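# Architecture and fold: a report
The chain contents come next:
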There are 2 protein chains.
Amino acid sequence: MEGQKVSEHIPDIIAKGNTEEINKVLSTLQPFEIADLIQNLEFEDQSKVINSLDNETASEVILEIEPEARKEILKKLDLKEIAELVGEMESDDATDLIGELPDETAKLVLAKLPPQEVEEVETLLKYPEDSAGGIMQKELIEVRQDSTVSEAINWIRLIADDVEDFHEIYVIDQKERLLGVISPKKLLLTNPRTKIKNIMEPFEINATPFMDQEEVANLFEKYDIVSLPVIEENGVIVGRITADDVIDVITEEASEDMYHLAGVQEYLHPIYTPTSTRVKLRTPWLLLTLLGELLIAFVIIYAFKATLEKVAILAAFMPAIMATGGNVGIQTTTIVIRGLGMGTIHVGELRNLILAEVKVGLAIGLICGLVAAVIGSIITINEPKVAKLAIAVFIAMVSATIATSFVGVAGPLTLYKLKFDPAAASGPFLTMFNDLFGSVVYLFIAMIIF
Amino acid sequence: MEGQKVSEHIPDIIAKGNTEEINKVLSTLQPFEIADLIQNLEFEDQSKVINSLDNETASEVILEIEPEARKEILKKLDLKEIAELVGEMESDDATDLIGELPDETAKLVLAKLPPQEVEEVETLLKYPEDSAGGIMQKELIEVRQDSTVSEAINWIRLIADDVEDFHEIYVIDQKERLLGVISPKKLLLTNPRTKIKNIMEPFEINATPFMDQEEVANLFEKYDIVSLPVIEENGVIVGRITADDVIDVITEEASEDMYHLAGVQEYLHPIYTPTSTRVKLRTPWLLLTLLGELLIAFVIIYAFKATLEKVAILAAFMPAIMATGGNVGIQTTTIVIRGLGMGTIHVGELRNLILAEVKVGLAIGLICGLVAAVIGSIITINEPKVAKLAIAVFIAMVSATIATSFVGVAGPLTLYKLKFDPAAASGPFLTMFNDLFGSVVYLFIAMIIF
């Protein structure tokens, strides 16, 4: 809210170009507020703001800007400026940013960084963006098991500037293999002459560099931890993941699932994302679904025209059948996708999951089919063929709920098994399948019994 | 996976009743794995397992069990056992558990706890479950600004058993008002004779006890922090929230949004939740939507029967119009609900948000309407009134996408403004509105032009 109020005045202040006044306003704001503000400015003013900030603040602000807008801003900064900003970042953020740059620029920026940082970033660039390696940072505190507490403290003093905060101290052997962990509390309260190996605790869990970030998030949820070491197969510790990174992952994964279920490709801000981008990113699935629905129109016209001409009011119940089937399918698919995301259901239980959901689909179908048949009969009480109509509605509704329950659970699980995103287009695809199945079954039954 | 394998054998081991062997198997498992296992056992075996665990492990296991199952297990434990388990928990978890007990039992359990713990739990019970006060814990480390580092360390030594881990040390004045924070690193590296007030840093952000938990989660996301102090209006620090609690909140809130969008009331496990519960919790919204859809049938029969009898193939395009409108609405509503959840859009921008979404809805409607009209004309090329049909399809599709865009953004924002959950039933409700609007507009236009 505060950021918004300030942002009303700041364009004027920036237009006047008084650096001192700009700094005064900005110094009262948090990096994410400055980022919000920048995204609403004209381009020349954006670089004015970035340039007026000190390197540390500027690097935090850059990280808070939406990726699309960030790309544009980075294009206008020179290599030295980018390298200075990257130099201020922790290795995980630095890697993400360099990964976003065009290959040529990335190489030139890397060349301007201190050797140690280059090595860190190059190590991290090896891992996929959405793996444990992709979200971990290289900055961590390692101490040797043979040191004493006081030696460990002296070592921490030496590297304190590089490691901004720590939640665990990692104890390693001579080959850098992780042996155990020590909490800062323990270090603080233990006699300085005690050997590290006598106070360390065994580490219970760890991630591996290529572990999927969703799996990492599930570990944090299950074990209620705030940091996690990342260990290679040979036992060597290569990084750590902290809870704040995981919070971002969980938010991102949940958003992704929701957007994909709704047939939206990525987060689109109603106001900040340009209209043309929003239309472009929302239309493809809509058009694909529309083609499917037009195929339904084609089938209806060429297979069931005669039936519809004979009993026009058949059309009146098509919305009820399609909506009920569709809603049941979306319920099922949402339950399955959320269960996969939280790790509470497993693809190995495929058969049980399908059975369980189809059973529920059948029960729901019987209830809804009965309600629709009874109320449908009341509505059409004056029609000559009311009983036959009710039967068609009932059978179609039960079939539709069973079918969409089946597809709602088998669809996402199959996608997951094939290593695709289970939520990708489940929603619109399900609508299309359901509408086709529901209307064809309904009209086919009607054709037979009339 | 491991937990699953073991769970295949454990029922036998438990049936044999050999406590030693049970303990041996359980000691290899994590609390959440034991919890998973317990939920799949017969009731008598459940208490056998709980009783065979030491109090500390048992209290962790109890917290990992699903609320429904936990209720049943707690019913069979006596007051002393419950009090022992609660005594092992941190104040936030203890409060949640006591809040789940029947009032009478809760009072009796409280009576068996140590006075300090009773006070903590009673303070926390004042706050709503989904507020900062409801998720915070009372255990934290406070030091006076006038103490020296060495005095502070001695104080931490004294209370170390109560506060399991800490990420920040809170500096207070004589009235317990928060003045600043110190990181464990700083304490570790500073000369013991230094005064606390000389090394503390001002705290930048805090929660207030009645702040909504979603707002708290947004603070963690924006500021990339792992713990946050909770401060009353008078500046007194009353608790702290840690990142692991926030991870649970974010997962819970995201799940809730997804379920509500799909018309599911709460998380239903396809296999563990009984079929009857799943049917009971999924059917209400389906039936409500079905009634709406049957109202559509009623309207079609009594207002448009003649039109449909005249041009039966009108029915063929109803699925396409309803599905496109519905999909656009679900896209919009998902974007709005996720934006509200992440704090990236504000209800104060209502007018701009509606304008922005309706603009996109219009663009999408024009594209889809055109595609549908062209392909529709090709499909129906042999019909006498192909042009009129295409016009009806086009107008209906554009109207439907505009209308559902409007409802998709105005609906959740209005619910949010009225302090209801914006996602509550947005999905099924939207389907119903869209089907009614789409079919009526379509048939009404058809009635006029034919």
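In what follows, the structure referred to is the one given above.
If you're wondering where the values come from, they're calculated on a predicted model, not measured in any experiment.

### Here we look at the sheet that holds strand β2 (residues 169–172) of chain B
All names here are of chain B. Read across the sheet, three strands follow the order β1-β2-β3 without closing on themselves; strand pairing throughout is mixed. Each edge of the open sheet carries a strand with a single partner, namely β1 (142–144) and β3 (178–182). The mean angle between the axes of side-by-side strands here comes to 35°, regardless of whether they run parallel or antiparallel. Direction of pairing for β2 relative to β3: antiparallel, over a ladder of four bridges. Each residue of the ladder has a partner; that of tyrosine 170, found in β3, is valine 181.

### Some words on the packing of helix α16 (residues 243–261) of chain A against helix α18 (residues 318–342) of chain B
Interaxial distance between α16 of chain A and α18 of chain B falls to 10 Å at its minimum, and their mutual angle equals 165°. Here α16 of chain A lies roughly antiparallel to α18 of chain B, going by the angle between them. In this structure, α16 of chain A meets α18 of chain B at a crossing whose hand is right-handed. In this structure, α16 of chain A uses Thr251, Ser255, Met258 and Tyr259 of chain A to contact α18 of chain B, whose residues at the interface are Thr334, Arg338 and Met342 of chain B.

### Notes on the interface of chain A and chain B
In this assembly, 104 residues from chain A lie in contact with 104 residues from chain B. For the side of chain A that touches chain B, the secondary structure elements donating two or more residues are α12 (149–159), α13 (184–189), α15 (213–223), α16, α17 (275–310), α18 (318–342), α19 (350–379) and α21 (426–449) of chain A. A total of 19 residues in the side of chain A that touches chain B trace back to one element, the largest contributor, which is α17 of chain A.

### Here we look at the sheet that holds strand β1 (residues 142–144) of chain A
Residues and elements named next belong to chain A. Pairing is mixed in the open sheet, where three strands are placed in the order β1-β2-β3. The open sheet is flanked by β1 and β3 (178–182), the only strands paired with a single partner. Across the sheet, the mean angle from the axis of one strand to that of its neighbour is 35°, orientation sign disregarded.

### Considerations on the packing of helix α5 (residues 55–64) of chain B against helix α7 (residues 79–88) of chain B
Residue and element names in this part refer to chain B. Running from amino to carboxyl end, α5 crosses α7 at an angle of 85°, the nearest separation of the two axes being 8 Å. Put simply, α5 runs roughly perpendicular to α7. Along its contact with α5, which presents Asn55, Glu56, Ala58, Ser59 and Ile62, the element α7 presents Glu84, Leu85 and Glu88. In terms of residue class, the contact of α5 with α7 is built from three nonpolar, two polar and three charged.

What counts, and at which threshold
Residues numbered from 1 in each chain as written. Chains lettered and ligands numbered in written order. Predicted model: local features only at pLDDT ≥ 70, side-chain atom pairs only at ≥ 80, totals over all residues. Pairing = 2+ DSSP bridges. Helix = DSSP H or I, 4+ residues; strand = E, 2+ residues; numbered from the N terminus. Axes fitted to C-alpha atoms, helices over the stretch in contact; angles between N-to-C directions. Parallel < 35°, antiparallel > 145°, perpendicular 65-115°, else oblique. Left-handed = near helix turned anticlockwise from the far one by under 90°. Contact = placed C-beta atoms within 7 Å. Nonpolar A, V, L, I, M, F, W, Y, C, P; charged D, E, K, R; others polar.

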